[in-house]
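These are the residues of each chain, in order.
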Amino acid sequence: MLLGVNIDHVATLRNARGGVEPDPVKAAAVCEQNGAASITTHLREDRRHIKDRDVYTLTRTLTTKLNLEMAMAEDIQKIALEIKPYSICLVPEKRQEITTEGGLDVAGQLEKVSEFIKPLLDAGIIVSLFIDPAKEQVEASKKTGAQFIEMHTGAYAEAYGKKNEEAEFQKLKQAAQLAQQIGLNVNAGHGLNYVNVHRMHEIEGLVELNIGHSIISRAVFTGLPEAVSKMVELIK
């Protein structure tokens, strides 16, 4: 498995004072230097953390891959088509949420999702759909033409160490198996941390784990190089 580091919350800290520090672009470079295989960033419609200029700068400066998380918004689609990141991950987005609360309902809006991602696919951008680990969502994702799914691991993370942990973990495992059987590549992320990430080794064929909040939180105390390299060590 590879590690993709989400740098959104470096930008959150920067924006708290409205200045330029800490710089998420510099954070991305540190992550790359310490083993991150890609950098993930979510350009939200309200621009609450990552800004347009961050994305454009990352496009020029990254030595690994840029994974751009985005909602089905035409203005952000336009930016993606201009900068052509290595991949995009389509996510649901609500203005009032603190963070992404669940997977994209691909099954319930199959035509809309398919039409939205077609120009991105035509431009040679790899497309991933951020979904809950449910059979109908996996099967619908395949129908869109996307090459990847990213399984929402939030329910597993919340259940870790509780009675329902195994049930939530099995949903992930079964969804990954189904996805691979029908020709989809599988990533995973949301809520994974230094304690619960080890179980991802039990899911065969995972390509990449996208992790942000726990790495940035640890970095406050240990520094970003240590926080990234430790997570790399855990998922290898």
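Residues numbered from 1 in each chain as written. Predicted model: local features only at pLDDT ≥ 70, side-chain atom pairs only at ≥ 80, totals over all residues. Heavy atoms only, no water.

1. Topic: the environment of G212
How we decide: Comment: elements are numbered from the N terminus, with helices defined as DSSP H or I runs of at least four residues and strands as E runs of at least two.
Structurally, G212 can be placed in the loop between β8 (208-211) and α9 (213-222). For the pair G212 and G191, spaced 21 residues apart in sequence, the C-alpha to C-alpha distance is 8.6 Å.

2. Points about the pairing of strand β3 (residues 65-70)
Cut-off, in case you're wondering: Relative accessible area decides the class of each residue, using a 1.4 Å probe on protein chains only: under 20% of the type maximum gives buried, over 50% gives exposed, and in between gives partly exposed. When DSSP finds two or more bridges between two strands, those strands count as paired. Handedness of a crossover is defined as follows: orient the strands so they point away from the viewer, and if the path from the first strand over the helix to the second runs clockwise, the crossover is right-handed.
Of all six residues that make up β3, five are buried, and the element is covered over most of its length. Two strands pair when backbone bridges link them, and strand β2 (residues 38-42) and β3 are joined in this way by five bridges, in the parallel orientation. Along β3, the bridge assignment pairs I39 with L66. As for the winding sense of the linkage, the β-α-β connection from β2 through helix α3 (residues 52-61) to β3 is right-handed. As judged from the four bridges shared by β3 and strand β4 (residues 87-90), these two strands associate in the parallel manner. Along β4, the bridge assignment pairs E69 with C89.

3. Concerning the packing of α3 against helix α4 (residues 74-83)
Formally: Lines fitted to the C-alpha atoms define the axes, with helices restricted to the stretch that makes contact. Angles between their N-to-C directions range from 0 to 180 degrees. We call two directions roughly parallel when the angle between them is under 35 degrees, roughly antiparallel when it is over 145, roughly perpendicular when it lies between 65 and 115, and oblique otherwise. Handedness of a crossing is defined here by the sense of rotation of the near helix relative to the far one, left-handed for an anticlockwise turn of less than a right angle and right-handed for a clockwise turn. The criterion used for residue contact is that any of the two residues' heavy atoms lie within 4.5 Å. As a working rule, the residues Ala, Val, Leu, Ile, Met, Phe, Trp, Tyr, Cys and Pro are called nonpolar, Asp, Glu, Lys and Arg charged, and the rest polar, with Gly in that last group.
Running from N to C, α3 and α4 point in directions that differ by 20°, and their axes come no closer than 11 Å. In this view, α3 runs roughly parallel relative to α4, as classed from their interaxial angle. When the axes of α3 and α4 are compared, the crossing they make is right-handed. Residue-level inspection shows D52, V55, Y56 and T59 of α3 in contact with α4, the latter providing I79, E82 and I83. Grouping the constituent residues of the contact of α3 with α4 by class yields four nonpolar, one polar and two charged.

4. With respect to the packing of aromatic side chains
Counted only if it meets this: Any two of the Phe, Tyr and Trp rings considered here, Trp counted by its six-membered ring, make a pair once their centres fall within 6.5 Å; the pair's planes then place it as stacked at under 30 degrees, edge-to-face at over 60, or tilted in between. Here, a charge over a ring means that NZ of Lys or CZ of Arg falls within 6 Å of the ring centre while also lying within 35 degrees of the ring normal.
One pass over the structure, following the stated rule, counts two aromatic pairs. Ring centres of Y156 and F169 lie 5.9 Å apart, and the angle between their planes is 55°; this geometry places the pair in the tilted category. Highlighted residues: Y156 in helix α7 (residues 154-159) and F169 in helix α8 (residues 165-181), separated in sequence by 13 residues. By the ring-pair criterion, three or more aromatic residues cluster together here, those being Y156, Y160 and F169. The ring of F169 carries R199 above its face, with NZ or CZ at 3.9 Å from the centroid. Positioned over the ring face of Y194 is R218, at 4.5 Å from the centre of the ring.

5. Here's the deal with α9
Among the residues of α9, those classed as buried are S214, I215, I216 and A219. Elements in contact with the buried residues of α9: β1 (2-6), α1 (8-17), β8 and α10 (224-235). Backbone geometry just after α9 places G223 at a positive phi near 95°.

6. Some words on the pattern of salt bridges
Applicable threshold: A carboxyl oxygen of Asp or Glu within 4 Å of a side-chain nitrogen of Lys or Arg is what we treat as a salt bridge.
Counted according to the given criterion, the structure contains 13 salt bridges. In this structure, the salt-bridge partner of E165 is R199, at a minimum N-O distance of 3.0 Å. Residue E165 is located in helix α8, and its partner R199 is located in the loop between β7 (185-189) and β8; the two are separated by 34 residues in the primary sequence. Exposure remark for R199: the relative accessible area of 8% places this residue in the buried category. Beyond isolated ion pairs, a larger network of salt bridges with shared partners links E165, E166, R199 and E202.

7. What to know about helix α6 (residues 135-144)
Convention followed: Think of the arc as the fan of directions from the helix axis to the C-beta atoms.
The complete set of buried residues in α6 reads Q137, V138, A140, S141 and T144. In a view along the axis of α6, the buried residues occupy a sector of 165°, so they form one face of it. Of the residues in α6, the exposed ones pointing more than 90 degrees away from the buried face are K135 and K143. Against α5 (110-122), β5 (126-131), β6 (148-152) and α8 lie the buried residues of α6. Residue G145 follows α6 closely and has a positive phi angle near 100°.

8. Brief notes about the nonpolar core
For soluble globular proteins, nonpolar side chains are generally found buried alongside one another. Under the convention used in this document: Here the nonpolar core consists of buried residues drawn from Ala, Val, Leu, Ile, Met, Phe, Trp, Tyr and Cys, with membership extended through side-chain atoms lying within 4.5 Å.
Ranked by internal contacts, the top residues of the largest apolar core, which has 68 residues, are M151, M200 and I215. Sequence-distant contacts of M151, defined by excluding residues within four places in its chain, comprise F130, I131, L172, A175, A176, V186, N187, A188, G189, I203 and L206.

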